Amino acid sequence: MTYKTERIALSRIDAADFTFRITTRFDIQPLAVSLKTAGLMAPLLLRAKGNSQFCIVSGFRRFVACEKLAWPEVEARILEADTPHLECVRYAVTDNALQRELNPIEISRSLKLLRDHFPQPDRLAKAANDLGMPGNPAIIRKFLPLCDLPPLIQQGILTQSLSPVMALELAELESESAVTLAALFADLRLSLNKQREILQLLADIAARDELTVMDVLSERDLQEILADENADRGMKARNIRHCLKKRRFPAISAAEERYARHIKDLKLGGDLRLIPPKDFEGSVYTFQISFRTISELKARLADLNRITAEAALPEILA
């Protein structure tokens, strides 16, 4: 790397030029405290732009921290204006990757910068691998779109309330639905499986009823669940899933409710279980009996005889 070291006024640095920005971190206060105490140990890397202006190649957080401290100027390494774009990209990626493990959005930004120079998947994979990033073309295809997702979805990835896989699935929806679901998943802190279940139920209902996902999300029943101040996250999540299942599978939901209503009347105890057919779509029910001794088995058989006379049993089997 060929550069010269100078002290540069912060006013000459174009703070709005994010061409080479990779970092997603905004925790400036600790860095500002460190700079105030120990000074700028690693100078900014800048590239001349003409008109006595410079763009940042690496050191975006350091620049903001220096601004916060109201420093009039900083020490910087200056690259010439004709320094190749690819060379600057490599400096930016390397500088960030040496400090910490890059998160998915930072990897996506890095790959996008490299793709401008290596549009062929195999060459992009090699260039990425040389810089310590994923070198598998299939993995690269999954990372590349992340930095172009709506900011709220990107934030979900960064806070790990959304996996990159789910973020890409949400991105296939229209923008308002995607952002609303990203916020919902972040608030309820749902697992990936529950997120997928809710998304699939919403998509199925919307397709069947010729609605948008946002139309379904805006319905009164769901909005009342979300607005319930007496329900914690877990209860809201359970109520939302129940509401959507009831909407998607009304016959199954009715059978489940009928079963739950009458099973209590049978007073089965802990050693007897009546298992309904899967999704209540068959006609075969199963009794599961637990016992430790012959006398307990005889008692459970007596319970079975009693149960056959209960009025609740025909209601369940109906």
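Preceding block: the structure.
Residues numbered from 1 in each chain as written. Predicted model: local features only at pLDDT ≥ 70, side-chain atom pairs only at ≥ 80, totals over all residues. Heavy atoms only, no water.

(A) Layout of the sheet that holds strand β4 (residues 73-79). Overall, mixed pairing links the 4 strands, which are arranged β1-β4-β2-β3 in an open sheet. Looking at the sheet topology across the chains shown, the edges are occupied by β1 (4-9) and β3 (53-58). Across this sheet, the average inter-strand angle for adjacent strands is 50 degrees, counted without regard to direction. On the sheet, helix α2 (residues 60-68) packs against β2 (44-50), β3 and β4 and is oriented at approximately 125 degrees with respect to β3. (Pairing = 2+ DSSP bridges. Helix = DSSP H or I, 4+ residues; strand = E, 2+ residues; numbered from the N terminus. Axes fitted to C-alpha atoms, helices over the stretch in contact; angles between N-to-C directions. Contact = heavy atoms within 4.5 Å.)

(B) Focus on the pattern of salt bridges. Inspection of the entire model under this criterion finds 22 salt bridges. Across the salt bridge formed by E6 and K4, the nearest N and O atoms sit 3.4 Å from each other. The shortest N-O distance in the salt bridge between D130 and K126 comes to 3.0 Å. In this pair, D130 and K126 both sit in helix α5 (residues 121-130), 4 residues apart, roughly one turn of the helix. Residue K126 is classed as exposed on the basis of its relative accessible area of 53%. (Salt bridge = Lys/Arg side-chain N within 4 Å of Asp/Glu carboxyl O. Buried < 20%, exposed > 50% of the residue type's maximum accessible area, 1.4 Å probe, protein only.)

(C) Expanded view of the environment of M214. Examined against the element boundaries, M214 turns out to sit in helix α11 (residues 213-217). It is 31 Å that separates the C-alpha atoms of M214 and E281, two residues lying 67 residues apart in sequence. Every residue in contact with M214, bar those within four places of it in the chain, is listed here: E174, E176, S177 and T180.

(D) The arrangement of the nonpolar core in detail. By size, the foremost hydrophobic cluster in this structure holds 59 residues, and its most contacted members are L114, M133, L170, L181 and L244. Apart from residues lying up to four places away in sequence, L170 is in contact with I153, L162, A178, L181, A182, F185 and L199. Among the nonpolar cores identified, the runner-up in size contains 19 residues, and L46, I56, F63 and A76 belong to it. (Core = buried A, V, L, I, M, F, W, Y, C linked by side-chain atoms within 4.5 Å.)

(E) Examining the state of the cysteines more closely. Scanning the entire structure with this criterion turns up 0 disulfides. Not part of a disulfide, C66 finds its nearest cysteine sulfur in C55, a span of 17 Å. According to the relative accessible area criterion, C66 is buried, its value standing at 0%. (Disulfide = S-S within 2.5 Å.)

(F) Geometry of the pairing of β2. As defined by bridge partners, β2 adjoins β4 across 4 bridges and the pair is classed as parallel. The residue bridging L45 from the neighbouring strand is R77, located in β4. Alignment of β2 against β3, held across 5 bridges, turns out to be antiparallel. Directly across from L45, in β3, lies its bridge partner S58. If you look at the hairpin formed by β2 and β3, you'll find 2 residues sitting between the two strands, and N51 has a positive phi there, around 55 degrees.

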